[in-house]
Number of protein chains: 2
Amino acid sequence: MKQFGLLAMMLVVGIWCYAQHGQGSPNSYVNPLVGTHKMGHTYPGATVPFGAVQLSPETDTLPYEVNGQYNKDVYRYCAGYQYADSTIVGFSHTHFSGTGHSDLGDILLMPTTGPLRLHPGTATRPSDGYRSPYRHSTEVAEPGYYRVLLDRYNIQAELTATTRVGVHRYRFPATDSARILLDLVYGIYNYPDKNVWSFVRVENDTLVTGYRQTNGWGRTRTVYFAMTFSRPIRSYGWQNESKKQVYRGFWRKWNQEQNFPEMAGTQLRGWFGFDMDTPGNVVVKVGISPVSTANALQNLYEEVPHNNFDRVREDARVQWLIQLSAINIDADEEVKKNFYTALYHTLINPTVYSDRDGQYRGLDQNIHTTKTANYTTFSLWDTYRALHPLFNIVCPERNGAMVQSMLHHYDQSVHHMLPIWSHYANENWCMIGYHAASVVADAVVKGTGGFDAQHALDACVATARHRSYEGLGYYMDMGYVPEDKSGASVSKTLEYAYDDWAIAQMARKLNRMDVYEEFARRAGNYRHVFDSSTGFMRPRLSNGAFRTPFNTLNTDEPGFIEGNSWNYSLYVPHEPEKMIALMGGNKRFTQHLDSLFTMQLPDSFFAHTEDVTREGIIGNYVHGNEPSHHVAYLYNHCGAPWKTQERVRMIMKKMYHPTPDGLSGNDDCGQMSAWYIFSALGFYPMAPGSDRYELGSPAVHRAVIRVGNIASEKFFTIIAENQSDKNVYVQKVMLNGKPLNRTWITHDEIMQGGELTFVMGSRPRR
Amino acid sequence: MKQFGLLAMMLVVGIWCYAQHGQGSPNSYVNPLVGTHKMGHTYPGATVPFGAVQLSPETDTLPYEVNGQYNKDVYRYCAGYQYADSTIVGFSHTHFSGTGHSDLGDILLMPTTGPLRLHPGTATRPSDGYRSPYRHSTEVAEPGYYRVLLDRYNIQAELTATTRVGVHRYRFPATDSARILLDLVYGIYNYPDKNVWSFVRVENDTLVTGYRQTNGWGRTRTVYFAMTFSRPIRSYGWQNESKKQVYRGFWRKWNQEQNFPEMAGTQLRGWFGFDMDTPGNVVVKVGISPVSTANALQNLYEEVPHNNFDRVREDARVQWLIQLSAINIDADEEVKKNFYTALYHTLINPTVYSDRDGQYRGLDQNIHTTKTANYTTFSLWDTYRALHPLFNIVCPERNGAMVQSMLHHYDQSVHHMLPIWSHYANENWCMIGYHAASVVADAVVKGTGGFDAQHALDACVATARHRSYEGLGYYMDMGYVPEDKSGASVSKTLEYAYDDWAIAQMARKLNRMDVYEEFARRAGNYRHVFDSSTGFMRPRLSNGAFRTPFNTLNTDEPGFIEGNSWNYSLYVPHEPEKMIALMGGNKRFTQHLDSLFTMQLPDSFFAHTEDVTREGIIGNYVHGNEPSHHVAYLYNHCGAPWKTQERVRMIMKKMYHPTPDGLSGNDDCGQMSAWYIFSALGFYPMAPGSDRYELGSPAVHRAVIRVGNIASEKFFTIIAENQSDKNVYVQKVMLNGKPLNRTWITHDEIMQGGELTFVMGSRPRR
């Protein structure tokens, strides 16, 4: 990690003593299993902050389709692991954290003994294949470390990682059949024929290289790997289920199943056998690369030049300790667990996507070189809201590199657009808006460097003027997206308007007033989908009329995506006062918001949308999905800040628990967690691109935020006097000892360092 | 071409005047259509010497399988074109020349007008698709240039090329539907699902980039391309027949069929439309690369930085003129046509396989960089015999680079073996032996530089000791390959023995006497499959017994491949005297050889082997395939050189004609042609690795060979006094004016320059 220089190392020494005290360290409050039960879609395995490797167990292999129909059950396996499952299929090296759609699961390893089986088998009949039952009682999950006992084989499996290398330690019993399987067929979300190609070489008796190219959610994605074993391979073999031939010579009979050192095909599984006369370990190191096996090998040799598993584990632990120590809190135990687990989940995505030598595969499929780390996995519809703003406070240099990575994407995009949802040199075109503009604008407005701001503005403008993208031409001409021309038209119009406002803020800061004026005008386009007759945002047609019929509760209603009109109608984060005026003023708006949080919904409203679940709602307020994440803070703008305080505390209490089922919806690459971090600290970035944060109600007693980069010596302290589960109402706020008579603070006020004191009480201070 | 320096350019000026005389130039005697009818498997299109691009018309799209059975008809389409066909499907950029197995046919373009059709249609109903009838009367094929009229569209298509760029010029009539189709589905030998992946980007209105990855004969092969148009694209579109989805978002509706700039999938066809109010040309340039679209674009811009088709055509013509002028002959018209067409076909393969910046994809799938050009397409079972020996005389520097390329292959091979049959970072494992060793040894023995000779010897030894390769372990232990352990055992034993002898010669020259002794011993292994009871080489079993039954004529006989025992029993090119002694001495051997050339074979012997056809035989002597290419020269060793003289003239006369059906079998990457070049000049390298050439009977009156590299000022002149179709017998031979009383000359004698005079007569000089 280039980010760790000398200063950082000095910091480590400081933290070290503290860390040795054990249970009190931030790491000890993290439970990677949080979110692995039900729909959190997190994974329990080993990774380092923003690591390219996410080495984690897989608990099933459900097909994407059953009888030609989408198999709804696979949605549960976005991260490969479900807590309720009782068997483990193996351990693979790449995982999304908390997404609502999926891919990855590359390069699966599984240690086995006994008769050779090269098919995973099924959950109900594991012994038909190679999978093994396991028990949670043998499972340990810590930041950078995972352990489990594979009961069937009596093999203890341990996982740890560096940025680009996954390290496995398998403790075998004495056996004459110690094997490690390499399953290149396994993948998360196995679309039919997901594998495009795979290739493996046994270079010598401890080194295997290869790649896997897939057509998954990412259109084409190749993961190259280099894998070493701490013991010599004694024999090995392959099973190729592909119909494609490996060698074409019609008379050739070279045995390719046993000890043949180079294989390729689409459906390839292999095994490596080891001597194991007495119980012993095999340490497997797997370096990955988006570029080549040569780079994967270089990554491996440079990051783990030894076979000492414990040393890698310790390095990973210390990396997490450094990162998590960016915010030190004093809080109740449950809050501490929620908080550090959330902070852990925010520091996983986006992920590093460049090799030790700076090479990476660009969106144009060519190999490019970058000086700083390049990042991928941009789930921007989610993460622009609070995750990237959090990075602007605790790791702005890294956020700058992320923005730079988005600009690389733009430079390589044949559409000349910033990323929408991108990973591994793919644009997945998932969800709506062009929220990279929000991330870029927020970074510019907040002074985060590391990229060419003028070029970044040009990129935002080019993206926001791409007429053929999702109704955008109509939006530019008519001021709204007509539902008869492009679906989800209200959601799009509202989100475009916000993004346009963000672009305008950036343009003003960069003194590009022509751009400012154009986009400031576009920022008001939300008005064009407001239907004053119903008081809701409502889809309009290209003839100007509002669409009929219109149901404000239906989450599947034309005009909307992943949210109903009740929730989406509140999406004007950049001009809340104007929106409130449009909706009838403070009093009426307050009642409207109250209804949202208290109304009863029939079951039928949850039938259609995967991302909106019973667990994630309070009344009709949907916390388990993103469009409403700013909603509780809107009370600050209609003269009822105590209701913001009350609601955010209720949401934190109801929606976050330090248990495997503790997340109320997909963590969405850290956005759900970032909401918690901000809210627990007592402030929230309602409209990224603004330098303001809304004040809420802190769930901590005290927090010290190291503001700026990792070696920063500035700290912003939050003190919440008298805070308790009952004392959720803010009585008084002081900034650096002086009363603060507003419901917001600015970015500069935070970044200068200082002290923000909340005096809390049990009664609203109206 | 790095090989063309200042000296070369000066040479061009000299040749220029001569060239301007027109019809007498070497180019004018080349007919690229020779071998395109029946089984020559050559292509008529445009290429430059050893060019990476072979831009040529395709005349059919037969499937590899019909109803699950191998479709024998596809064998005719190894080079994509059959002279008897009446429709053209389009023009693609890569072709083998003369192979007996196939692949390639990448990046097919076809200009069309009228209703859009994106399927090629069939030969019998071309108008169902986009293909067009054509007539040979409109066809012109010259070195580096091809032209044809597409009758259906009244479009004249012209093709030319540089090393890495194919250039098309399409003359359209005035039309409102001028289109150029890009068919990425088309390929030669379309195995089921040959395409692994393809990717295209419309970068701007004149530039398209992309790649195609296939699983053809080559296991995985990727051709990257960059394509420019001389007119702006007005609109464009795609048809994706793949079942694989392009974007996974289940609700997204972006129209990907029309003007969508980035497509991917396995079955992709596209079209580009142009304004054509008046008749006019579109010049299309297509750069290719094995590395990336960025490199393809660099290749394109550096090699053809303009849109002047005629200039590229002229450059190609001059390149051929320079190369073909390596040997200037005076001969009868038919001989001149055969000779220069043969010389043209020898200067096509192997092909350049590295980019302008020296990058190429290695056998390990990583990107490597080379200082000199890297080569691919090594059909070594064919070309070690005469093609590479020819290069050692007329372009040793290039042959040195080819050997270096084989060493790259070795260095990157996980089997630690030199190439067997390799192309485009694939080892196809086609045919037997390890004849790269012969090429390497011949280059070392003849003093061809450009590679590390000691490393080359190590590579040969490692290859020849690879025990698990094709019965080689048995061969090493038992002195022969037992037929019950590994098929084609006699062919293998004989060819291994020859290769071993070649390795021994190289080792002796390099003073590695331990290696010399090991391999000199192995060189005698042919004895172990000689059955004195029948007088033939015969398969043996692992118990030492000869296999029964045994048929000496059957081309499909166990023990043999692509030849029967009659032919293969003569395969001891390195120790002919010992073989002759084994077979009963000079007299009996001469009778045996005579029988070979005169016996009558029943039809049934041609049923099974594609490479052995009626056209290619004289008696039971098979010239249309390689194992007998040295046989006519064996008479020199049994005291009957006049029979060598008689036979080689007969073979030249019978087996080579300057017509589309003029080749008697596959040209096999130039080996058939190289046999002709040597034989027509009056000498032949019977055992590459020896510095001797057998003398035959020249078919020229006079020949001046520029010996050494392209700017060499040494010349070896051959004079055949009184030579005619009747005067085929050598009466006297003089070297530099002095009588030569032997039937061979040495490599040094040739390379020193000088004059070899044959005095010919109509009667054998016994």
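Residues numbered from 1 in each chain as written. Chains lettered and ligands numbered in written order. Predicted model: local features only at pLDDT ≥ 70, side-chain atom pairs only at ≥ 80, totals over all residues. Heavy atoms only, no water.

## Description of the overall build of chain A
Next, step 1: For chain A, the count of helices and strands is 19 helices and 39 strands.
Next, step 2: Its C-alpha atoms give chain A a radius of gyration of 26 Å, near enough to 27 Å, the size a compact globule of 766 residues would have.
Next, step 3: Across the 766 residues of chain A, 69% fall into the buried class.
Next, step 4: By sequence separation, contacts in chain A at least 24 residues apart represent 70% of the contacts at least 6 residues apart.
Next, step 5: Accessible surface, chain A: about 24,300 Å² in total, of which carbon and sulfur atoms supply 48%.
Next, step 6: Counting 72 positive and 75 negative side-chain charges, chain A places the centres of these two groups 2 Å from one another. (Helix = DSSP H or I, 4+ residues; strand = E, 2+ residues; numbered from the N terminus. Rg over C-alpha atoms; globule rule 2.2 N^0.38 Å. Buried < 20%, exposed > 50% of the residue type's maximum accessible area, 1.4 Å probe, protein only. Contact = heavy atoms within 4.5 Å. Areas by Shrake-Rupley, 256 points an atom, 1.4 Å probe, with all protein chains shown as cover. Lys, Arg positive; Asp, Glu negative; His and termini not counted. Charge placed at Lys NZ, Arg CZ, Asp CG, Glu CD.)

## Notes on the nonpolar core
Next, step 1: Residues Phe272(A), Phe683(A), Phe272(B) and Phe683(B) are the most contacted members of the largest nonpolar core, which totals 453 residues.
Next, step 2: Excluding its chain neighbours within four sequence positions, the residues that come into contact with Phe272(A) are Ala178(A), Arg179(A), Ile180(A), Leu182(A), Val202(A), Val208(A), Met227(A), Phe229(A), Ile233(A), Ser235(A), Tyr236(A) and Trp238(A). (Core = buried A, V, L, I, M, F, W, Y, C linked by side-chain atoms within 4.5 Å.)

## Remarks on the state of the cysteines
Residues and elements named next belong to chain B.
Next, step 1: Overall, the coordinates contain zero disulfides over all chains when judged by the stated rule.
Next, step 2: The thiol sulfur of Cys-395 is not disulfide-bonded, and the nearest other cysteine sulfur, from Cys-669, lies at 15 Å.
Next, step 3: Free of any disulfide, Cys-460 has its nearest neighbouring cysteine sulfur in Cys-395, separated by 20 Å.
Next, step 4: Cys-460 gets classed as buried once you look at its relative accessible area, which sits at 0%. (Disulfide = S-S within 2.5 Å.)

## Regarding the pattern of salt bridges
Next, step 1: Evaluation of the coordinates by the stated rule reveals 66 salt bridges over all chains.
Next, step 2: Across the salt bridge formed by Glu203(B) and Arg201(B), the nearest N and O atoms sit 3.0 Å from each other.
Next, step 3: Residues Glu749(B) and Arg742(B) are paired through a salt bridge, measuring 2.6 Å at the closest nitrogen-oxygen approach.
Next, step 4: Several salt bridges share partner residues, and in doing so they unite Asp103(A), Asp106(A), Lys194(A), Arg212(A) and Arg221(A) into one network. (Salt bridge = Lys/Arg side-chain N within 4 Å of Asp/Glu carboxyl O.)

## Examining the relation of the copies chain A and chain B
Next, step 1: Here chain A sits on chain B after a turn of 180° about the axis and a move of 0.0 Å along it, with an RMSD of 0.0 Å. Both copies are brought into coincidence by an operation consistent with a two-fold rotation axis. Distance from the rotation axis, computed per C-alpha, reaches its smallest value in chain A at Val196(A): 3.2 Å.
Next, step 2: The share of interface residues of chain A whose copies in chain B are also at the interface is 100%, consistent with both copies meeting through the same surface. (Least-squares fit on C-alpha atoms with pLDDT ≥ 70 in both.)

## Structural notes on the sheet that holds strand β25 (residues 378-379) of chain B
All names here are of chain B.
Next, step 1: Strands sit in the order β25-β26-β27 across an open sheet of three strands; the sheet is antiparallel. Of all the strands in the sheet, just β25 and β27 (426-427) have a single pairing partner and so form its edges.
Next, step 2: Note: strand β26 (residues 421-423) against β27, two bridges, orientation antiparallel. Directly across from Ser-422, in β27, lies its bridge partner Glu-427. (Pairing = 2+ DSSP bridges.)

## Some words on the packing of helix α16 (residues 641-655) of chain B against helix α17 (residues 671-681) of chain B
Residue and element names in this part refer to chain B.
Next, step 1: Running from amino to carboxyl end, α16 crosses α17 at an angle of 130°, the nearest separation of the two axes being 10 Å. Here α16 lies oblique to α17, going by the angle between them. Between α16 and α17 the crossing geometry is left-handed. Side by side, α16 and α17 meet where Val-648, Ile-651 and Met-652 of the first sit next to Trp-675, Tyr-676, Ser-679 and Ala-680 of the second. (Axes fitted to C-alpha atoms, helices over the stretch in contact; angles between N-to-C directions. Parallel < 35°, antiparallel > 145°, perpendicular 65-115°, else oblique. Left-handed = near helix turned anticlockwise from the far one by under 90°.)

## Description of the confidence of the model for chain A
Residues and elements named next belong to chain A.
Next, step 1: Averaged over every residue, the pLDDT of chain A is 93; residues scoring 70 or more account for 94%.
Next, step 2: The model gives residues 1-10 a pLDDT under 50, and that stretch makes 15 contacts with residues more than four places away or in other chains.
Next, step 3: Below a pLDDT of 50 lies the segment residues 16-22, which in the model reaches twelve contacts outside its immediate sequence neighbourhood of four places, other chains included.
Next, step 4: Confidence metrics for the complex model read pTM 0.95 and ipTM 0.94. (pLDDT = per-residue confidence, 0-100.)

## Topic: helix α10 (residues 453-464) of chain A
All names here are of chain A.
Next, step 1: The first and last C-alpha atoms of α10 sit 16 Å apart over twelve residues, in line with the 16 Å expected at 1.5 Å per residue.
Next, step 2: Every buried residue belonging to α10 is among Ala-456, Leu-457, Ala-459, Cys-460, Val-461, Thr-463 and Ala-464, and all of these are buried.
Next, step 3: Among the structural elements, α8 (396-412), α9 (436-445), α11 (472-478), α12 (489-509) and α13 (513-522) are those in contact with the buried residues of α10. (Expected span 1.5 Å × (residues − 1).)

## Considering α9(A)
All names here are of chain A.
Next, step 1: Of all ten residues in α9, ten are buried; the element is thus mostly enclosed.
Next, step 2: Listing the buried residues of α9 in full gives Ala-436, Ala-437, Ser-438, Val-439, Val-440, Ala-441, Asp-442, Ala-443, Val-444 and Val-445.
Next, step 3: Residues of α9 that are buried make contact with α6 (380-383), α7 (387-394), α8, α10 and α12.
Next, step 4: Trailing α9 by a residue or two, Gly-447 shows a phi angle of about 75°, which is positive.

## A few points about the sheet that holds strand β33 (residues 692-695) of chain B
Residues and elements named next belong to chain B.
Next, step 1: Across the sheet, three strands lie side by side as β32-β33-β38; this open sheet has antiparallel pairing. A single partner strand is all that each edge strand has here, and the edge strands are β32 (683-684) and β38 (744-746).
Next, step 2: With three bridges joining them, β33 and β38 adopt antiparallel strand pairing. In the sheet register, Glu-694 faces β38, and the bridge partner there is Trp-744.

## Some words on unusual backbone geometry
Next, step 1: With an omega dihedral of -15°, the bond running from Asn349(A) to Pro350(A) counts as a cis peptide bond.
Next, step 2: Inspection of the secondary structure puts Pro350(A) in the loop between α5 (333-346) and β21 (351-352).
Next, step 3: If you check the backbone angles, Gln365(A) has positive phi at about 70° while not being a glycine.
Next, step 4: Structurally, Gln365(A) is set in the loop between β22 (359-361) and β23 (367-369).
Next, step 5: Residues other than glycine seldom take positive phi values, yet Ile107(B) does so here, at roughly 60°.

## Observations concerning a negative patch on the surface
Residues and elements named next belong to chain A.
Next, step 1: A contiguous patch of negative charge on the surface is contributed by Asp-330, Asp-332, Glu-333 and Glu-334.
Next, step 2: Relative to the helices and strands, Asp-332 is located in the loop between β20 (327-330) and α5.
Next, step 3: Judged by its relative accessible area of 35%, Asp-332 is partly exposed. (Patch = residues over 30% accessible without salt bridge, like charges linked within 9 Å, V, L, I, M, F, W, Y side chains within 5 Å.)

## A closer look at the environment of Ala443(A)
Residues and elements named next belong to chain A.
Next, step 1: Residue position: Ala-443 is located in helix α9.
Next, step 2: Along the backbone, Ala-443 and Asn-392 are 51 residues apart, and their C-alpha atoms lie at a distance of 6.7 Å.
Next, step 3: Not counting chain neighbours up to four residues away, the residues in contact with Ala-443 comprise Asn-392, Asn-399, Val-403, Thr-448 and Phe-451.

## Describing the packing of aromatic side chains
Next, step 1: Inspection of the entire model under this criterion finds 77 aromatic pairs over all chains.
Next, step 2: Centroid distance Trp238(B) to Phe272(B): 6.0 Å. Interplanar angle 90°. Geometry classified as edge-to-face. Note that Trp238(B) is positioned in strand β16 (residues 235-240) and Phe272(B) in strand β18 (residues 268-274), a separation of 34 residues in sequence. Of the two residues, Trp238(B) and Phe272(B), neither departs from the other in class, the shared state being buried.
Next, step 3: Put simply, the rings of Tyr633(A), Tyr656(A), Trp675(A), Tyr676(A), Phe678(A), Phe683(A), Tyr684(A) and Tyr693(A) touch in pairs and so form one group of aromatic residues. (Phe/Tyr/Trp six-rings, centres within 6.5 Å; stacked < 30°, edge-to-face > 60°.)

## Some remarks on the side chain of Asp85(A)
Residue and element names in this part refer to chain A.
Next, step 1: Locating Asp-85 in the fold gives a position in the loop between β3 (69-70) and β4 (87-88).
Next, step 2: Of the side chains with opposite charge, Arg-76 comes closest to the buried, unpaired Asp-85, at an N-O distance of 4.8 Å.
Next, step 3: A polar atom in the side chain of Asp-85 sits 2.5 Å from the side chain of Tyr-77. (Polar contact = N/O pair within 3.5 Å; in protein donor to acceptor, adjacent residues only side chain to side chain.)

## As for the interface of chain A and chain B
Next, step 1: Counting residues at the interface gives 54 residues for chain A and 54 residues for chain B.
Next, step 2: Both sides together, the interface formed by chain A and chain B hides about 5,000 Å², and carbon and sulfur atoms give 51% of it.
Next, step 3: If you look at where chain A meets chain B, you find two salt bridges.
Next, step 4: Among the ionic pairs, Arg219(A) bridges to Glu262(B), the shortest N-O distance being 2.7 Å. (Buried area = accessible area lost by both parts, 1.4 Å probe.)

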